[in-house]
Amino acid sequence: MPYNPNRKGIPHTRAVTHQGEDEVDQPGTRSPHPIGLLGLGVYLPERVMTNDEWTEYVDTSDEWIVTRTGIHTRRIAGDEESTADLALAAARAALADGAFEPADIDEIVLATDTPEVFIPDTAAYVQTRLGVGHIPCYDLGGSGCAGFVLALDIARSRALADGRRVLVIGVELLTRLMDWEDRNTCVLFGDAAGAAVVGPDPGAVEIVAATAGTDGSKSHILGVEAGGTRVPTTVERVEQGLHKHVVMRGREVFREAVSRMSAASHQVLEKAGVSIDDVALVVPHQANLRILDAVRKRLNLPDERVFVNVHKYGNTGSASVPLALWEARDQGRIKPGDLVLLTAFGAGFHWAAALLRF
Ligand code: UT7
């Protein structure tokens, strides 16, 4: 991955204004206790898999995948790579981006649906390999593709309450969870990791506001049914591949995705007291080009104000938003002073949104 070692954090040019406590979320002004996004990093496995390659495994075509999803390629982790490897690489990149040492981190929250092992959590593996010391660390497991933005919301609260500097990681090795014989799901996903450092710092990108929600009554429309206490792992179930079979009601997920990502966007804008017209760029969870297009239309935005990279990486779950944000910044799509809106949805059904000011 191209990486600019000279870039420290993300430039921030707004004037600092002095306000009272009750003016924290006013538009165009700075909170008296701003929480920043202080560093951003990603990791992408080297192997690129094309749509044509999927025709060796399932009855599909490049034309079907491109027309229905907009995906052209995705990355596949190497056999020797596991979730913690991807997470660690992204974490190191985020620390370097903010010019931090591991000792500068007070807490780790890692969002993934594809953990290193069932117990303990992947954050524990990352903690020891990163050499951050005995700081608290934990996973947000099962929050689907909303995981990273949800973790960002939690990290912001931890930083606000306690002045902590939190390493937030979204990592997914989804191609290892998928059934490579199920054309309904396998062609959609890819592997990646993204990470951010969140903490109090007046010079950083400000996390102006964040919001999140869950509708547990929709838990059946997307998930893995076997492997827990409800449907325990048995030899028969493993032979049937049920422990890794992602069950998805595609059309229902599509509808929920569009309405939840749009609603979460409006909610976070309202919280921050700004309008969608003030937003320079929306960086949504990259699930499907048609979903992104529908969200764009609901938000009444032109193409150029919604960032898209799903064609290159497919759906990378909780890594998708940090990867898209990183790439938008890398491509010069974000200018100092810009408001950038992150919005995501995932299995649960969860949703989350955050508003950043660069
Ligand atoms: O982060 C959350 C993860 N999930 C999502 O974001 C998924 C959201 N849903 C979607 O993106 C879309 O529903 C899909 C891309 C999954 C499917 O698109 P669709 O337009 O809803 O298609 P469909 O499910 O209605 O299927 C249409 C046809 C079916 O064939 P029949 O029954 O009409 O003969 C499927 O069997 O397309 C078939 N099909 C495929 N054909 C070729 C399904 N997958 C494939 C495939 N290649 N890979």
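Along each chain, residue indices are assigned from 1 in the same order as the chain's sequence is written. At least 70 in pLDDT is required for a residue's local features to be given in this predicted model, at least 80 for side-chain atom pairs to be given and counted, and no such filter applies to totals for whole chains, interfaces and linings, which use all residues. Heavy atoms throughout the structure, all of them, feed into the side-chain values; hydrogens and water do not.

Ranked by size, the top nonpolar core spans 46 residues in total, and within it I276, V282, I291, L341, F345 and L355 carry the most contacts. At the level of elements, α6 (174-177), β8 (205-214), α8 (250-272), β11 (279-284), α9 (289-298), β12 (339-346) and β13 (350-357) are the ones that each hand at least two residues to this core. The element that contributes the greatest number of residues to this core is α8, accounting for 8 residues. Shared between two domains, this core holds at least three residues of each, these being domain 1 (35-203) and domain 2 (209-357). To define a nonpolar core, start from buried Ala, Val, Leu, Ile, Met, Phe, Trp, Tyr and Cys residues and group those joined through side-chain atoms within 4.5 Å. Only protein chains enter the accessibility calculation, which uses a 1.4 Å probe; a residue whose area is less than 20% of its type maximum is buried, one above 50% is exposed, and one in between is partly exposed. Counting 42 residues, the second largest nonpolar core, distinct from the first, contains A151, I207, L323 and A328. Secondary structure follows DSSP: runs of H or I at least 4 residues long count as helices, runs of E at least 2 residues long count as strands, and numbering of each begins at the N terminus. In this document the domain limits rely on a domain assignment from an automatic tool or a database.

Moving on: the pairing of strand β4 (residues 107-112). The buried count for β4 comes to 6 of 6 residues, which makes it a mostly enclosed element. Any two strands between which DSSP finds at least two bridges are classified as paired. Sheet topology places β4 next to strand β6 (residues 166-173); 5 bridges connect them, and they run parallel. Each bridged residue has a counterpart across the sheet, and for E107 the counterpart in β6 is V166. Between the parallel elements β4 and strand β5 (residues 137-141), the chain passes through helix α4 (residues 122-130) in a crossover that is right-handed. Orient the strands so they point away from the viewer; a crossover is then right-handed if the path from the first strand over the helix to the second runs clockwise.

Attention shifts here to α8. Each full turn of the α-helix corresponds to 3.6 residues, which orients residues three or four apart in the same direction. Take the number of residues in a helix, subtract one, and multiply by 1.5 Å to get its expected span. A rise of 1.5 Å per residue sets the reference length of α8, with its 23 residues, at 33 Å; its end C-alpha atoms lie 33 Å apart and thus fit the reference within 8%. Among the residues making up α8, those that are buried are V253, E256, A257, V258, M261, S262, A264, S265, V268, L269 and A272. G273 lies just past α8 and shows a positive phi near 70 degrees.

What characterises a pair of aromatic rings is the spacing of the ring centres plus the angle enclosed by the ring planes. Geometry of aromatic contacts follows a simple scheme: Phe, Tyr and Trp rings, the Trp one being its six-membered ring, pair when their centres are within 6.5 Å, and the pair is stacked under 30 degrees between planes, edge-to-face over 60, tilted otherwise. Counted under the stated rule, the structure contains 4 aromatic pairs. An angle of 65 degrees between the planes, with centres 5.6 Å apart, marks the rings of W54 and Y57 as edge-to-face. A residue is classified by how much of its surface remains accessible, and W54, at 1% relative accessible area, is buried. The exposure class assigned to Y57 is partly exposed, which follows from its relative accessible area of 41%.

To continue, consider the packing of helix α3 (residues 83-97) against α4. The contact between α3 and α4 brings their axes to 9 Å, and the two run at 55 degrees. Put simply, α3 runs oblique to α4. Handedness of the α3/α4 crossing: right-handed. Of the residues in α4, those in contact with T83, A84, D85, A87, L88, A91, R92 and L95 of α3 are T122, Y125, V126, R129 and L130. For the contact of α3 with α4, the class distribution of residues is 8 nonpolar, 2 polar and 3 charged. Helix axes use the C-alpha atoms of the stretch in contact, all axes being lines fitted to C-alpha atoms, and the angles between their N-to-C directions lie in the range 0 to 180 degrees. Any angle between 65 and 115 degrees counts as roughly perpendicular, while under 35 counts as roughly parallel, over 145 as roughly antiparallel, and the rest as oblique. Whether a crossing is left-handed or right-handed is set by the direction in which the near helix is turned from the far one by less than a right angle, anticlockwise for left-handed and clockwise for right-handed. Contact definition: two residues touch when any of their heavy atoms are within 4.5 Å. The classification used treats Ala, Val, Leu, Ile, Met, Phe, Trp, Tyr, Cys and Pro as nonpolar, Asp, Glu, Lys and Arg as charged, and all other residues, Gly among them, as polar.

We now examine the site of the ligand. Nearness is defined per residue: one heavy atom within 4 Å of the molecule or strand is enough. By nearness alone, 23 residues border the ligand, and T60, R68, R251, N288 and N315 come closest of all. Polar contacts, as counted here, are pairs of nitrogen or oxygen atoms within 3.5 Å of one another; within protein the pair requires one atom able to donate a hydrogen and one able to accept it, and residues that are adjacent in sequence qualify only if both atoms are side-chain atoms. In this structure, T60 approaches the ligand through a side-chain N or O atom, which is 2.6 Å from a nitrogen atom. Between an oxygen atom of the ligand and a side-chain N or O atom of N315, the distance comes to 2.8 Å. A 1.4 Å probe and the Shrake-Rupley method give the accessible areas. Residues count as covered only by the protein chains that appear here. Protein contact buries 76% of the 950 Å² of open area that the ligand shows by itself. Of all the secondary structure elements, the ones that give two or more residues to the shell around the ligand are α2 (62-69), α8 and α9. In terms of residues, the shell around the ligand owes the most to one element, α8, which gives 4 residues. Looking at the shell around the ligand residue by residue, the classes come out as 11 nonpolar, 7 polar and 5 charged. Mapping the shell around the ligand onto the domain boundaries places at least three of its residues in each of domain 1 (35-203) and domain 2 (209-357).

The next thing to look at is the pattern of salt bridges. By definition, a salt bridge exists where a carboxyl oxygen of Asp or Glu is found within 4 Å of a side-chain nitrogen of Lys or Arg. This model, assessed by the stated rule, comprises 17 salt bridges. Taking the shortest distance from any N to any O, the salt bridge between D97 and R329 comes out at 3.0 Å. Taken together, the residues span a long stretch of sequence, with D97 in helix α3 and R329 in helix α11 (residues 320-330) at a distance of 232 residues. For K312, the salt bridge identified is with E327, shortest N-O distance 2.9 Å. With K312 in helix α10 (residues 310-313) and E327 in helix α11, this pair connects stretches of sequence that are 15 residues apart. Accessibility expressed as a relative area gives 30% for K312, which makes it partly exposed. Salt bridges sharing partners connect three or more residues here, namely E107, R158, D162 and R164.

This brings us to α11. The buried count for α11 comes to 10 of 11 residues, which makes it a mostly enclosed element. Among the residues of α11, S320, V321, P322, L323, A324, L325, W326, E327, A328 and R329 are the ones counted as buried. Downstream of α11 by a residue or two, G332 has a phi angle that is positive, lying close to 75 degrees.

A few words now on the packing of α8 against α9. The interhelical angle for the contact between α8 and α9, taken along N-to-C directions, is 40 degrees, at an axis separation of 9 Å. In terms of axis orientation, α8 runs oblique to α9. When you trace α8 past α9, the crossing you get is right-handed. Here F254, A257, V258, S259, M261 and S262 of α8 come into contact with α9, specifically with R290, I291, A294, V295 and R298. Class assignment for the residues of the contact of α8 with α9 results in 7 nonpolar, 2 polar and 2 charged.

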